[in-house]
Amino acid sequence: MLLKETIKEAVNIQKLELEKSNLGIIRNLLKQIDIKSKQIIIISGIRRCGKSTLLKQITSSLKNYNYFNFEDQRVFGFELHDFNKLEEVYNEKVKNKIYFFDEIQNVNNWERFIRTQKDKGYKFFLAGSNASLLSRELGTKLTGRHLTYELFPFSYDEFLKLKKYKAGIKSFEKYFYLGGFPEYIKTQNIQILQQVFEDILMRDIIVRYGLRNSRTIKELAVYLISNASKEYSYNKLKNIFGLGSASSAISYISYFEDSYLMFSVPRFSYSLKQQVKNPKKIYVIDVGFARANSLSFSKDEGRILENVVFLQLRRNYKNIFYFREKYECDFVIKERNTITSAYQVCYRITEENKDREINGILEVLNYFNLKKGIILTFDRKDEFTIRGKKILIIPTWEWMS
């Protein structure tokens, strides 16, 4: 429980800090957000990817609004009934019904207050760094009353705007190394990304879920980061880390995913049972972040490029799979129960790997009756047709810009 005066002081300081903060590079996601919608707007994403700045960009089009950041240490211990005091503080000022709440998942049962005020005609913009907590509470208490958007670290296009670079191989090489965390791009201080990793593990996972084996959790996370773009299985992880059961591995990875630390991609199968049983592939939220927290990740340029491509696809699609029958294709995209596109990633096509890469994409095109497939490379461009199937070879920087 907090004193009303403490909350009032925090409100004034936070609002002033927000208004003084830099508007930053306008995020691409801003164009997609239906600001005028009467629905609750949810923005979720990993820590330090720019959610607060995006909220600032939304507020720039408004005359009056209320703002509160629940991550502020000055209001640590904010509880459900403290919302009443927060309301009183807001009503002492110019009364309005537009609220911006940052990291709201830090307050237990927050959705009760939101639902009550939503029914009174209040408008909410909510930001948070835990996808599961946000979706679970919204799904049970606010079904059909919200729109959810995901914010990622900077895309290559946003990176170009920030650095004022032109699209091309030289600027892509920089993005390929630095990744997209805004503050790290500006300072190149590796400790920023290492601290993000520590905060996610300790605050968003170990403390939140009451886990005792913090060392094992960190070792597992580093192992997965080090093996980004590779397959994993729950049983193998159980054996490597001496976990009690495969269900423990399932839980830990779900915590990583809920915090946007990493993503799992299943192997495509029309059988859901087989899809669950098959090994999955793991990808990390950002390649600069992966480099900062794993030495081995930076040694394989092919895996880094594959991770970059995955992130770009994930910004636009939720249902992403890898495909393997006789050959393998890195990504197939499912939209409305139909596979609509296929992508192969190859850092550099050579005479030694050409047949393997082409056969992988051709097999998918034939399997799903697609007319065109794309092979993404670091710098090569080409185009040809094989047995009626068009294959485009495109430099990743060109495809992303």
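Just so it is clear, the structure is predicted and the values come from calculations on it, not from any experiment.

A. A look at the pattern of salt bridges. By the definition in use, this model includes 30 salt bridges. One salt bridge connects arginine 324 with glutamate 328, and the closest N-O pair in it is separated by 2.7 Å. A relative accessible area of 25% places glutamate 328 in the partly exposed class.

B. Spatial organisation of unusual backbone geometry. Here asparagine 109, not a glycine, exhibits a phi torsion of approximately 65 degrees, which is positive. Looking at the element boundaries, asparagine 109 is found in the loop between strand 3 (98-102) and helix 4 (110-119).

C. Region of interest: the pairing of strand 12 (residues 372-377). Among the 6 residues in strand 12, 5 count as buried, and that is most of the element. In terms of strand pairing, strand 11 (residues 338-345) meets strand 12 through 3 bridges, oriented parallel. Its bridge partner lying in strand 12, glutamine 344 is registered against isoleucine 375. Where the polypeptide runs from strand 11 across helix 16 (residues 354-367) and back to strand 12, its parallel neighbour, the crossover connection is right-handed. Where strand 12 and strand 14 (residues 389-395) come together, 6 bridges link them in parallel fashion. Directly across from threonine 377, in strand 14, lies its bridge partner proline 395.

D. Looking closely at the sheet that holds strand 8 (residues 280-284). Strand order in the open sheet formed by 3 strands is 6-8-7, with antiparallel pairing between adjacent strands. The outermost strands of the open sheet, each flanked by one partner alone, are strand 6 (231-232) and strand 7 (262-266).

E. Inspection of the sheet that holds strand 4 (residues 123-128) at higher detail. Spatially, the 5 strands line up as an open sheet ordered 2-3-4-1-5, and their pairing is parallel. The open sheet has two free edges, formed respectively by strand 2 (66-69) and strand 5 (146-150), since each of these has just one partner strand. Each strand of the sheet is rotated relative to its neighbour by a mean of 15 degrees, with strand direction disregarded. In this sheet, strand 4 lies alongside strand 1 (residues 40-44) in parallel orientation, the contact comprising 4 bridges. By the bridge assignment, serine 44 is partnered in strand 4 with glycine 128. Lying on the sheet, helix 4 is in contact with strand 1, strand 3 and strand 4; it crosses strand 4 at an angle near 160 degrees.

F. Molecular detail of the nonpolar core. In terms of nonpolar packing, the biggest core is built from 89 residues, with Phe172, Phe256, Leu261, Phe289 and Phe331 touching the most fellow members. With sequence-adjacent residues up to four places away left out, phenylalanine 256 is seen in contact with Leu201, Ile205, Ile217, Leu220, Ala221, Leu224, Leu261 and Met262. In this structure, Leu2, Ile40, Ile42 and Ile104 belong to the second largest nonpolar core, which totals 25 residues.

G. Structural context of helix 16. For helix 16, which comprises 14 residues, the first-to-last C-alpha distance of 20 Å matches the rise-based estimate of 20 Å (1.5 Å per residue) to within 8%. Turning to helix 16, its buried residues are Glu357, Ile358, Gly360, Ile361, Leu362, Glu363, Val364 and Leu365. Residues of helix 16 that are buried sit in contact with strand 9 (320-324), strand 10 (328-335), strand 11, strand 12, strand 13 (382-386) and strand 14. One or two positions beyond helix 16, positive phi appears at asparagine 369, with a value near 55 degrees.

H. Local environment of the packing of aromatic side chains. Applying the stated criterion across every chain yields a total of 47 aromatic pairs. Aromatic pair tyrosine 343 and tryptophan 399: ring centres 5.6 Å apart, planes at 55 degrees, arrangement tilted. In this pair, tyrosine 343 is assigned in strand 11 and tryptophan 399 in helix 17 (residues 396-400), connecting sequence segments 56 residues apart. Among the residues examined, tyrosine 343 registers a relative accessible area of 8% and is labelled buried. Of the aromatic side chains, those joined through ring pairs into one cluster are Phe68, Phe70, Phe78, Phe83, Tyr90, Tyr99, Phe101, Phe113, Tyr122 and Phe124. Directly above the ring of phenylalanine 125 sits lysine 123, whose terminal nitrogen or CZ lies 4.9 Å from the centroid. The positively charged end of lysine 281 is found above the aromatic ring belonging to tyrosine 322, 5.5 Å away from the centroid.

I. Summary view of helix 4. Every buried residue belonging to helix 4 is among Trp110, Glu111, Phe113, Ile114, Gln117 and Lys118, and all of these are buried. Down the axis, helix 4 shows its buried residues gathered within 155 degrees of arc, on one side only. Positive phi appears at glycine 121, one or two residues downstream of helix 4, with a value of about 95 degrees.

Calculation rules
Residues numbered from 1 in each chain as written. Predicted model: local features only at pLDDT ≥ 70, side-chain atom pairs only at ≥ 80, totals over all residues. Heavy atoms only, no water. Salt bridge = Lys/Arg side-chain N within 4 Å of Asp/Glu carboxyl O. Buried < 20%, exposed > 50% of the residue type's maximum accessible area, 1.4 Å probe, protein only. Helix = DSSP H or I, 4+ residues; strand = E, 2+ residues; numbered from the N terminus. Pairing = 2+ DSSP bridges. Right-handed = clockwise from strand over helix to strand, strands pointing away. Axes fitted to C-alpha atoms, helices over the stretch in contact; angles between N-to-C directions. Contact = heavy atoms within 4.5 Å. Core = buried A, V, L, I, M, F, W, Y, C linked by side-chain atoms within 4.5 Å. Expected span 1.5 Å × (residues − 1). Phe/Tyr/Trp six-rings, centres within 6.5 Å; stacked < 30°, edge-to-face > 60°. Lys NZ or Arg CZ within 6 Å of the ring centre and 35° of its normal. Arc of directions from axis to C-beta.

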